[in-house]
Amino acid sequence: MSHRSLLGPIARLQLQPRSLKHEVDGKNVYDPSGLISVDHLMLTPTGAAHQDADGTRTLDVHNTQHPQSKHWGQNPFSVGFTSHYAAMTKRFGEHLTLGCAGEGIIIETTQSTPSDDMTGTLVIETRDGPVQLAHIIVAAPCAPFSTFALGGATCTTADLKSALQFLNHGTRGYYCQLVGATEAVVRLGDLVYLDSNV
């Protein structure tokens, strides 16, 4: 038996045309400046993409067809929540702007959505019909993003460990996969529900 609950509307859609992590002076650094905010996102069996009015398609770096794909099986799409960003901003500061963790779909909600609550299927009600995202797993935080959250400066091992723990359990976001092989388009304002297993 399942229970459907409204999470909220899509507040931000974005694309990663390239990796947000790169090497600087021998260190792996996280830089969210490569993110592109878009008004719609194409969800395809191979991953996310965006298509301009002239037909030009840009692939997300987690799309299996991207030349430098960072797809590893369970991460074609990612979702985050405005409530989690509020918590991250309170903990780390104003540089934790909405979307800086790189999720493709960010849902506006005031409720916390810890990993224990994210069992089931996300259903996005689009103008073309419902889109389902399943196989939801926690997007575990990495050291470069945690260091970025801490301000990018040299931090102690204890500080980094504490940041990694805080950003885990869904605070950093979730990975998910498209149900079915049909291409779908999600847009800003589309409502997102959670069909949970009860």
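Here is what the cut-offs are and how they apply
Residues numbered from 1 in each chain as written. Predicted model: local features only at pLDDT ≥ 70, side-chain atom pairs only at ≥ 80, totals over all residues. Heavy atoms only, no water. Pairing = 2+ DSSP bridges. Helix = DSSP H or I, 4+ residues; strand = E, 2+ residues; numbered from the N terminus. Axes fitted to C-alpha atoms, helices over the stretch in contact; angles between N-to-C directions. Contact = heavy atoms within 4.5 Å. Polar contact = N/O pair within 3.5 Å; in protein donor to acceptor, adjacent residues only side chain to side chain. pLDDT = per-residue confidence, 0-100. Core = buried A, V, L, I, M, F, W, Y, C linked by side-chain atoms within 4.5 Å. Buried < 20%, exposed > 50% of the residue type's maximum accessible area, 1.4 Å probe, protein only. 1 Å grid on protein atoms, 1.4 Å probe; cavity = no way out; pocket = protein on both sides within 12 Å on 5 of 7 lines; lining within 4 Å. Points joined across faces, edges and corners; volume = space filled by probe spheres on them. Nonpolar A, V, L, I, M, F, W, Y, C, P; charged D, E, K, R; others polar.

S.K.: Is there a simple way to explain the sheet that holds strand β5 (residues 40-44) in this structure?
M.R.: Sheet strands associate in pairs through backbone hydrogen bonding, adopting either a parallel or an antiparallel arrangement. The antiparallel open sheet is built from four strands, whose spatial order is β7-β6-β5-β13. Every other strand in the sheet has two partners, leaving β7 (57-59) and β13 (184-187) as the edge strands with one partner each. Mean inter-strand twist for the sheet, computed between neighbouring axes without regard to direction, equals 35°. Across four bridges, β5 lies against β13 in antiparallel orientation. Counted as the bridge partner of Met42 is Val185 from β13.

S.K.: Can you walk me through the environment of Tyr85 in this structure?
M.R.: Mapped onto the secondary structure, Tyr85 falls in helix α1 (residues 82-92). Counting along the chain gives 87 residues from Tyr85 to Arg172, while the straight-line C-alpha distance between them is 8.5 Å. The contact partners of Tyr85, leaving out residues within four places of it in the chain, are Leu96, Thr97, Leu98, Gly99, Cys100, Ala101, Gly102, Glu103 and Ile106. Side-chain polar atoms of Tyr85 contact the backbone nitrogen of Ala101, separated by 3.0 Å.

S.K.: For this particular structure, what's the right way to read the confidence of the model for the protein chain?
M.R.: Atomic detail in the predicted coordinates should be set aside for any region of low pLDDT. Looking at the protein chain as a whole, its pLDDT mean stands at 93, while 98% of the residues score no less than 70. Confidence, read as mean pLDDT per element, is least for strand β2 (residues 21-24) in the protein chain (87) and greatest for strand β9 (residues 105-107) (98).

S.K.: Would you mind going over the nonpolar core with me for this structure?
M.R.: Core analysis: the biggest nonpolar cluster contains 26 residues, and Leu41, Leu43, Ile105, Leu122, Ile124, Leu133 and Val186 have the highest contact counts within it. In this structure Leu41 touches Leu13, Gln14, Leu15, Ala48, Ala49, Gly104, Ile105, Ala184, Val185 and Val186, once residues within four positions along its chain are discounted. Counting residues in hydrophobic clusters, the runner-up holds 16 residues, among them Phe92, Ile106, Phe148 and Leu167.

S.K.: I tried to follow the pairing of strand β10 (residues 120-126) on my own but got confused; where do I start?
M.R.: Looking along a regular strand, one sees side chains alternate from face to face of the sheet. When you tally the buried positions in β10, you get six out of seven residues, the bulk of the element. For β10 and strand β14 (residues 191-197), the ladder comprises six bridges, and the chain directions are antiparallel. Bridge pairing in β14 places Glu125 opposite Leu191. One ladder, built from five bridges, connects β10 with strand β11 (residues 129-138); its direction is antiparallel.

S.K.: Looking at this structure, how should I read the layout of surface pockets?
M.R.: Left-over empty space is what a probe sized like a water molecule reveals as it rolls over the atoms. Looking at the largest pocket, its volume works out to about 400 Å³. As for the largest pocket, its lining consists of 27 residues, of which Gln16, His62, Lys70, Arg172 and Tyr175 are closest to the centre. Put simply, the parts of the chain that give the lining of the largest pocket at least two residues each are β5 and β8 (77-81). Classifying every residue of the lining of the largest pocket gives 14 nonpolar, eight polar and five charged. One number sums up the size of the second largest pocket: a volume of about 310 Å³.

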